[in-house]
Amino acid sequence: MKTKAVRLHGVNDLRVDEFELPALKEDEILVKIISDSVCMSTHKLAKQGEAHARVMGSLTEEPVIIGHEIAGLIVEVGSKWQNRFQKGQKFTIQPSLNYKGSMITPGYSYPYFGGDCTYAIVPKEVIELDCLIPYEGDAFFSASLSEPVSCVIAGFNRNFHTNSLNHDFDRGVRKGGNLAILGACGPMGLEAIDYAIQLEDGPQLIVAVDASAERIARAKRVLPTEKAENLKKKLVYLNPAESEDVVAELLKLTDQAGYDDVFVYAPIQALIEQADQILGKDGCLNFFAGPVDKALSANLNMYNLHYKYTHMIGFTGSTMTDMHEAIDLSSRKKIDPAIMITHIGGLDAAAETTLQLPSIPGGKKLIYTQIDLPLTAIEDFQQLGEAEPLFQNLYQACERHAGCWNKEAEDILLDYFEVAVQSEEKGGKTDA
């Protein structure tokens, strides 16, 4: 079977290649990729090439398929797995394999498995580690976004708190506490707000800080403060550009008690230092943002670390438990990953989108791999719809969902391009 895939051949060298997949082995599974959301980590991979820790060999000799936020359909199951998987099943993956202590990862390390392609072969280790996950939800984009959502959940689970009575730790954000998210209105920050709102044992006060008035305006539309109020929580949006002293204003919101948990969602020294300044007693600072600068540092208050027990953590990726929680919450509509998406495009747009990702405004860029479509902002649907009925239909569908991407819009798009969202026999057509 032929596949079309975006492959990394070297530093900044992404190409759309068409090639033959090898014959399926008994311990492998053939899949049809429907969607893949573009991760900043993949941009970093393209910038580093073989210097990236997850690249296992020579990209010149064996280029790898990029993309790891994957959703699709199972097409053919090797004989070893036919009691566990069936043709036609929807699936997603947990890309953090931790296979025998190596850094091998889908979307970074494999010549025949990644998200930015039409068809792929799932290698045995992904299946053996239970990292090929059946998905029962109704939308492919939600399955694709389960990986970034799981990373948000992992961040919450990594926080901890201590006490003065013993040396036991309480894992997670403080129940009924104060939570601040700095750099809150990017895609991951928005999902952190969404997750915190629905968290039953989560914070009582959630303060979302972002320096962009445009991002805050969108955040208020897709995550209105009333959503938190309905769950008996308080959500506050704060733009530091509109404040003379943002630290003082943040502390005022807590009656000077400070914050039990502070997440930093942008790799900026000033934000890290502001986060440290607003920590309350036993406050946990979670540096979530992944920096490119290996020398990034910040000044932290060591007096508070000693006498107020403040502490700082960081983490990358997620666990299988986080992944399953993300899938469950999304399937039950407890969270809405669609709030992260601001652009859609086809496979032909994936390479340039990945390379230019930091300079493209907005949130998550979602690639539908079975179609050809330029990267298109949801906010442009209305104007494009004046000339093209497809975009008029997509605009109307998104307006019915607070301007967000949704299952109705996904169905309109896939139907327009006649993408079959069902299993195909091996050797079937490879193009939409």
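About the cut-offs
Residues numbered from 1 in each chain as written. Predicted model: local features only at pLDDT ≥ 70, side-chain atom pairs only at ≥ 80, totals over all residues. Heavy atoms only, no water. Helix = DSSP H or I, 4+ residues; strand = E, 2+ residues; numbered from the N terminus. Buried < 20%, exposed > 50% of the residue type's maximum accessible area, 1.4 Å probe, protein only. Lys, Arg positive; Asp, Glu negative; His and termini not counted. Salt bridge = Lys/Arg side-chain N within 4 Å of Asp/Glu carboxyl O. Contact = heavy atoms within 4.5 Å. UniProt positions renumbered as here; feature names shortened; annotations may be inferred. Core = buried A, V, L, I, M, F, W, Y, C linked by side-chain atoms within 4.5 Å. Pairing = 2+ DSSP bridges. Axes fitted to C-alpha atoms, helices over the stretch in contact; angles between N-to-C directions. Patch = residues over 30% accessible without salt bridge, like charges linked within 9 Å, V, L, I, M, F, W, Y side chains within 5 Å. Areas by Shrake-Rupley, 256 points an atom, 1.4 Å probe, with all protein chains shown as cover.

With that settled, the discussion passes to the side chain of Glu 191. Residue placement: Glu 191 occurs in helix H5 (residues 187-198). Buried charged residue Glu 191 carries no salt bridge. Nearest counter-charge: Lys 227, at 7.5 Å. Once residues lying within four places of it in the same chain are set aside, the contact partners of Glu 191 are Val 149, Val 152, Ile 335, Asp 336, Pro 337, Ile 339 and Met 340.

This paragraph deals with the UniProt feature "domain: Alcohol dehydrogenase-like N-terminal" (unreviewed entry) in the chain. When the UniProt feature table is mapped to this numbering, "domain: Alcohol dehydrogenase-like N-terminal" (unreviewed entry) covers residues 26-125. In residues 26-125, helix accounts for 11% and strand for 27%; the two terminal C-alpha atoms are 13 Å from one another.

Turning our eyes to something else, we now look at the nonpolar core. Counting 68 residues, the largest nonpolar core has Phe 156, Ile 193, Ile 344, Tyr 368 and Trp 405 as the members making the most contacts within it. The greatest single-element share of this core, amounting to seven residues, is contributed by H5. Apart from the residues lying within four places of it in its own chain, the contact partners of Ile 193 are Ile 181, Ala 184, Ala 208, Leu 223, Leu 235 and Tyr 237. Counting residues in each nonpolar core, the second largest holds 32 residues, with Tyr 99, Tyr 110, Cys 117 and Cys 131 among its members.

Right, let's get into the UniProt feature "domain: Alcohol dehydrogenase-like C-terminal" (unreviewed entry) in the chain. UniProt records the feature "domain: Alcohol dehydrogenase-like C-terminal" (unreviewed entry) at residues 205-330, using the numbering of this structure. Between the first and last C-alpha atoms of residues 205-330 the distance is 23 Å; the span itself is 39% helix and 23% strand.

Pairing between the strands of a sheet comes from backbone hydrogen bonds, and it takes one of two forms, parallel or antiparallel. What the six strands build is an open sheet, ordered E13-E12-E11-E14-E15-E16; its pairing is parallel. The strands lining the two open edges of the sheet, one partner per strand, are strand E13 (234-238) and strand E16 (311-314). Within this sheet the neighbouring strands show an average axis-to-axis angle of 15 degrees, counted without direction. Sheet topology note: the strand E11 (residues 178-182)/strand E12 (residues 205-209) ladder contains five bridges and is parallel. Bridged to Leu 179 within E12 is Ile 206.

Let us look at the sheet that holds strand E1 (residues 2-10). Overall, antiparallel pairing links the three strands, which are arranged E2-E1-E4 in an open sheet. Two strands close off the open sheet at either side, each with one partner strand: strand E2 (13-20) and strand E4 (64-65). The pairing of E1 with E2 spans eight bridges and is antiparallel. Residue pairing for E2: Leu 8 is matched across the bridge by Leu 14.

So, on to the pattern of salt bridges. Counting across every chain of the model gives 15 salt bridges. Here Glu 128 ties to Lys 80 by a salt bridge, and the two come within 3.8 Å at their closest N and O atoms. Of this pair, Glu 128 sits in helix H2 (residues 124-128) while Lys 80 sits in the loop between strand E5 (70-77) and strand E6 (90-93), and the two are 48 residues apart along the sequence. Assessed through its relative accessible area of 36%, Glu 128 is described here as partly exposed. Classification of Lys 80 as partly exposed rests on a relative accessible area of 43%. Taken together, the shared-partner salt bridges in this structure form one network comprising Arg 174, Asp 260 and Asp 282.

Where nonpolar side chains cluster on the molecular surface, the patch consists of Leu 300, Met 302, Leu 305 and Met 312 and spans about 360 Å² of accessible area. Residue position: Met 302 is located in helix H10 (residues 302-307).

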